Amino acid sequence: MMSKRVLPVLSLCFLSLPAWPESAPAVEPEPVPQVVLVTGSRPGPGLWKVSKGEHVMWVFGTYSPLPTKMEWRSRDIEKIIATSQEYLKPPTAHVGVGWMGGIGALPFLIGVRKNPDGAALKDLLPPDVSARWQPLKQTYFGGDDDIERERPAFVAAQLYGRAMKQAGLSGSSDVRKTIEKLVDKHKIKVTDARHSIQIKEPGKALREFKKSPMADAACLTKTIARLDTDVNIMRARANAWAVGELDEIRKIQFDDRNDNCFDAEKALANNASTFAVVEIKDILDPKGVIATLQGKGYTIEAPK
């Protein structure tokens, strides 16, 4: 279990680092007004309608994080699912090591989160960033001094997650679980667009990872520099998703677009009605899935 949890984290760290340049200075953010999160039952955004002739695909846009105390109202979505023949799951990436690979990697997991040569965060972060880290450490980690020995990418992930929780935000897994329960209830075909990336020698990868320096201080630097601003922006976007305010949702930045069209054209050709789930940023991205289908001649109707 431990190897299946840690190895994907390491892979995602490597994939995300190029987007966070080391040369970016830590800029003091301007104060952002505190955003009050919505609560109670909320509908979320409407559905995008993609059609050609009599064949229709309904596309639902997800967003994360969402308000913790919000309950997604799913009855309108259930009506669409109940009359559809196929459900297209959102495109995802899965990092696998295999059963034997996971067993072989277990001995090397000890200390995998620690910096090489016993380095501490104060040795890796610029002085100004280190000074800003200390009060954040006290706020989110209390007296846990062990965090000082962890690699910056791991620290950044924990810091961000704890900040989200304290801000009243959580992942959108409840929305996805609700959709999957409805799909199962109405017994429609499921198409999984998950891409699998296999690590052939996880033990070797872990050995090399533990010994090598990793230029991930920029990861933690950017997290610290933008934490307060980003949290409030995410609270505003979470509210916008919950109540379906498209104008506000359109302000989302598209910096990690997914190019996969998750077999949309095939599903449209085969079914009278298809229900699909995509991250809302890819729906609104001018180079995303909806724009791609529109460019191929499909009729697009955005929710009103």
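Residue positions are given per chain, counted from 1 along the sequence in the order it is written. Local features are withheld for residues below a pLDDT of 70 in this predicted model, meaning they are given only at 70 or higher, and side-chain atom pairs are given and counted only at 80 or more; totals for whole chains, interfaces and linings count all residues. In computing side-chain properties, one takes all heavy atoms of the structure into account and sets aside hydrogens as well as water.

A. Quick look at the nonpolar core. Formed by 66 residues in total, the largest nonpolar core has its most connected members in W133, I179, W241 and F275. Secondary structure is summarised from DSSP: a helix means a run of H or I of at least four residues, a strand means a run of E of at least two, and numbering begins at the N terminus for each. The biggest single contributor to this core is helix 9 (residues 217–243), with 11 residues. Whether two residues are in contact is decided by their heavy atoms: any pair within 4.5 Å suffices. Discounting residues that sit within four places of it in the chain, W241 has contacts with G44, P45, F60, G61, T62, Y63, L66, M70, W72, V175, I249 and I280. Only buried residues count toward a nonpolar core, which is a set of Ala, Val, Leu, Ile, Met, Phe, Trp, Tyr and Cys residues joined through side-chain atoms within 4.5 Å. Only protein chains enter the accessibility calculation, which uses a 1.4 Å probe; a residue is then buried when its area is under 20% of its type maximum, exposed when over 50%, and partly exposed in between.

B. Seen up close, unusual backbone geometry. Here the residue pair S64 and P65 is connected by a cis peptide bond, since its omega of 5 degrees sits within 30 degrees of zero. Phi at K187 is positive, roughly 55 degrees, even though this residue is not glycine. Mapped onto the elements, K187 comes out in the loop between helix 7 (173–186) and strand 9 (189–191). Owing to a relative accessible area of 70%, K187 belongs among the exposed residues under this scheme.

C. How the structure looks around the packing of helix 6 (residues 152–166) against helix 9. The convention used is that axes are lines fitted to C-alpha atoms, helices contributing only their stretch in contact, and that angles between N-to-C directions extend from 0 to 180 degrees. In contact at an axis separation of 9 Å, helix 6 and helix 9 are set at 10 degrees when each is read in the N-to-C sense. Here helix 6 is positioned roughly parallel relative to helix 9, judged by the angle of their axes. Counting all contacts with helix 6, which are made through P152, A153, V155, A156, L159, Y160, A163 and M164, the residues of helix 9 involved are A217, C219, L220, T223, I224, L227, D230, V231 and M234. Each angle gets one of four labels, with under 35 degrees taken as roughly parallel, over 145 as roughly antiparallel, 65 to 115 as roughly perpendicular, and the rest as oblique.

D. View of the side chain of E148. Take E148: it is sitting in the loop between helix 5 (127–141) and helix 6. Overall, E148 belongs to the buried group, its relative accessible area being 13%. Polar contacts, as counted here, are pairs of nitrogen or oxygen atoms within 3.5 Å of one another; within protein the pair requires one atom able to donate a hydrogen and one able to accept it, and residues that are adjacent in sequence qualify only if both atoms are side-chain atoms. A polar contact is formed between the side chain of E148 and the side chain of Q134, at a distance of 3.5 Å. A polar side-chain atom of E148 sits 3.3 Å from a polar atom in the side chain of K137. For E148, the residues in contact, after removing those within four places along its chain, are N115, A119, A120, L121, K122, W133, Q134 and K137.

E. Examining the pairing of strand 3 (residues 55–62) more closely. Counting buried residues along strand 3, six of its eight residues qualify, which places the element largely inside the surrounding structure. Here strand 2 (residues 47–52) pairs with strand 3 via six bridges, running antiparallel. By the bridge assignment for strand 3, S51 is matched with V56. Any two strands with at least two DSSP-identified bridges between them are counted as paired. Between the antiparallel neighbours strand 2 and strand 3 lie two residues, among them G53 with a positive phi of about 65 degrees.

F. Examining the sheet that holds strand 6 (residues 86–88) more closely. A sheet is described by the order of its strands in space; here six strands give the open sequence 9-6-11-3-2-12, paired in mixed fashion. The outermost strands of the open sheet, each flanked by one partner alone, are strand 9 and strand 12 (299–301). Between one strand axis and the next, the sheet turns through 20 degrees on average, direction left out of account. In this structure, strand 2 lies alongside strand 12, joined through three bridges in antiparallel fashion. Within strand 12, the position partnered with K49 by the bridge is E301.

G. A look at helix 6. To estimate how far a helix should reach, multiply one less than its number of residues by 1.5 Å. The terminal C-alpha atoms of helix 6 lie 21 Å apart, and with 15 residues this matches the ideal 21 Å at 1.5 Å per residue to within 8%. Among the residues making up helix 6, those that are buried are P152, A153, F154, V155, A156, L159, A163 and M164. Phi turns positive one or two residues past the end of helix 6, at G168, with a value near 85 degrees.

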